[in-house]
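Overview (structure and organization)
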Amino acid sequence: ALALLARLIARLRGKTSSAAVPWAMLPEQSRRDWTRVCAGIALTTFAAPALSTFALYLISLPAYATLTALGPVYALPLGYAIRRDGVTRRAVLGALLAVAGIVPLALHSARA
């Protein structure tokens, strides 16, 4: 929306070149890529919070917190599989820290 507003302001000022507001220019992408972008926005904005709230009704709070805190652990293999991102020591350390933070939650829920 901000990009469209910037384009409108540039047109009203008589500047129609792409150099007028370079940060507001949308990238050239195929229709398939734009479909993927829009689907990702819809899933991230609407589906993920809705499913997270629904999960709170189905599982216990410690289990929910454990699953949501495992994001870095899921991100490493997915990043490698989808984008061929390299797995760095820093990323592995972050994933290990995430797991270390979850261990007390899992132990607490096992006692309760």
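Residues numbered from 1 in each chain as written. Predicted model: local features only at pLDDT ≥ 70, side-chain atom pairs only at ≥ 80, totals over all residues. Heavy atoms only, no water.

Here we look at unusual backbone geometry
Of note, Arg84 is a non-glycine position whose phi angle comes to about 60 degrees, a positive value. With respect to the secondary-structure elements, Arg84 resides in the loop between α4 (71–83) and α5 (89–111). (Helix = DSSP H or I, 4+ residues; strand = E, 2+ residues; numbered from the N terminus.)

Considering α4
Between its first and last C-alpha, α4 extends 17 Å over 13 residues, near the 18 Å set by a 1.5 Å rise per residue. Positive backbone phi, approximately 60 degrees, marks Arg84, located one or two places after α4. (Expected span 1.5 Å × (residues − 1).)

A few points about the packing of helix α3 (residues 61–69) against α4
Running from amino to carboxyl end, α3 crosses α4 at an angle of 35 degrees, the nearest separation of the two axes being 5 Å. Residue-level contacts link Leu67, Thr68 and Ala69 of α3 to Gly71, Pro72 and Tyr74 of α4. Its residues assigned to classes, the contact of α3 with α4 shows four nonpolar, two polar and no charged. (Axes fitted to C-alpha atoms, helices over the stretch in contact; angles between N-to-C directions. Contact = heavy atoms within 4.5 Å. Nonpolar A, V, L, I, M, F, W, Y, C, P; charged D, E, K, R; others polar.)

Considerations on a nonpolar patch on the surface
A surface patch of nonpolar side chains, amounting to about 910 Å² of accessible area, comprises Phe54, Tyr57, Leu58, Ile59, Leu67, Tyr74, Leu78 and Ile82. Counting residues per element, the ones that place at least two in the nonpolar patch are α2 (31–58) and α4. Note on placement: Tyr74 falls in helix α4. By relative accessible area, which is 42% here, Tyr74 ends up partly exposed. (Patch = residues over 30% accessible without salt bridge, like charges linked within 9 Å, V, L, I, M, F, W, Y side chains within 5 Å. Areas by Shrake-Rupley, 256 points an atom, 1.4 Å probe, with all protein chains shown as cover. Salt bridge = Lys/Arg side-chain N within 4 Å of Asp/Glu carboxyl O. Buried < 20%, exposed > 50% of the residue type's maximum accessible area, 1.4 Å probe, protein only.)

Thoughts on the confidence of the model for the chain
Residues with a pLDDT of 70 or more make up 83% of the chain, whose mean pLDDT is 80. Per-element confidence in the chain ranges from a low mean pLDDT of 71 for helix α1 (residues 2–12) to a high of 90 for α2. (pLDDT = per-residue confidence, 0-100.)

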